[in-house]
Amino acid sequence: MKDLISIIIDTYKSDNGELQIEPETIKISELLDSVIKETKLLLTGNEQKLEIKNKTSIDNFVADKLQIKRVIMNFLSNAILYGEKNSIIEIQILSDNKDLTINIINKSKYIIEENLNNIFDKYIALQASKHNKTSTGLGLYLSKKIIEAHNGKIYAKALQDKKYLFGFTIPIKNKITQTIK
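Residues numbered from 1 in each chain as written. Predicted model: local features only at pLDDT ≥ 70, side-chain atom pairs only at ≥ 80, totals over all residues. Heavy atoms only, no water.

Participant: Provide a residue-level description of the pairing of strand β8 (residues 163-171), including the pertinent values.
Facilitator: Burial runs high along β8: eight of the nine residues are buried. Note that strand β6 (residues 99-107) and β8 share nine bridges and pair antiparallel. Counterpart to L100 in the pairing with β8 is I170. Here strand β7 (residues 153-158) runs beside β8; their pairing, made up of six bridges, is antiparallel. (Buried < 20%, exposed > 50% of the residue type's maximum accessible area, 1.4 Å probe, protein only. Helix = DSSP H or I, 4+ residues; strand = E, 2+ residues; numbered from the N terminus. Pairing = 2+ DSSP bridges.)

Below you can see the structure in the form of structure tokens.
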């Protein structure tokens, strides 16, 4: 309930240009450790495993730690909740000299492919009827706003074998705007 209220309030602040960005240097490994600890119980309950594929030698980047963590948590929580039981969820970390990319890949038979084109729009929720879950359609919308404020790109793609990829790319050395709009 606390997370839901936080998303609603921050969406309102974002839409009014009032949500502040506080850039700092972040260690990728520490951020992912934190995310993994917070989702461990959900993973265990769904009998899923997490696999991290770090394909970068870069460990530091500049971003708002709380907001980037929120995006990763949103992607990972959705992957767990909508993913198949006994499946592997993959976190990919990629970079070149300029950009950092984080992708979450899971296997799910419940995402309607046509929804991927507008899944980051306000009030668009993942098809959740088979899971009896309620969604506001604001989590992915707020994630999009956060990534845009970091001068990045956010995306969702259907892959082969009923796998889906949710990810984002942001500059490693970011000149971030001070508010999310």
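Participant: If you had to explain the nonpolar core to someone new, which residues and values would you point to?
Facilitator: Among the nonpolar cores identified, the biggest contains 38 residues, and F61, I68, F75, F120, F166 and F168 are the most heavily contacted of them. Those elements giving two or more residues to this core turn out to be α2 (28-45), β4 (60-63), α3 (65-82), β5 (88-95), β6, α4 (139-149), β7 and β8. F75 has contacts with I104, F120, L140, I154, F166, G167 and F168, leaving out every residue within four places of it along the chain. (Core = buried A, V, L, I, M, F, W, Y, C linked by side-chain atoms within 4.5 Å. Contact = heavy atoms within 4.5 Å.)

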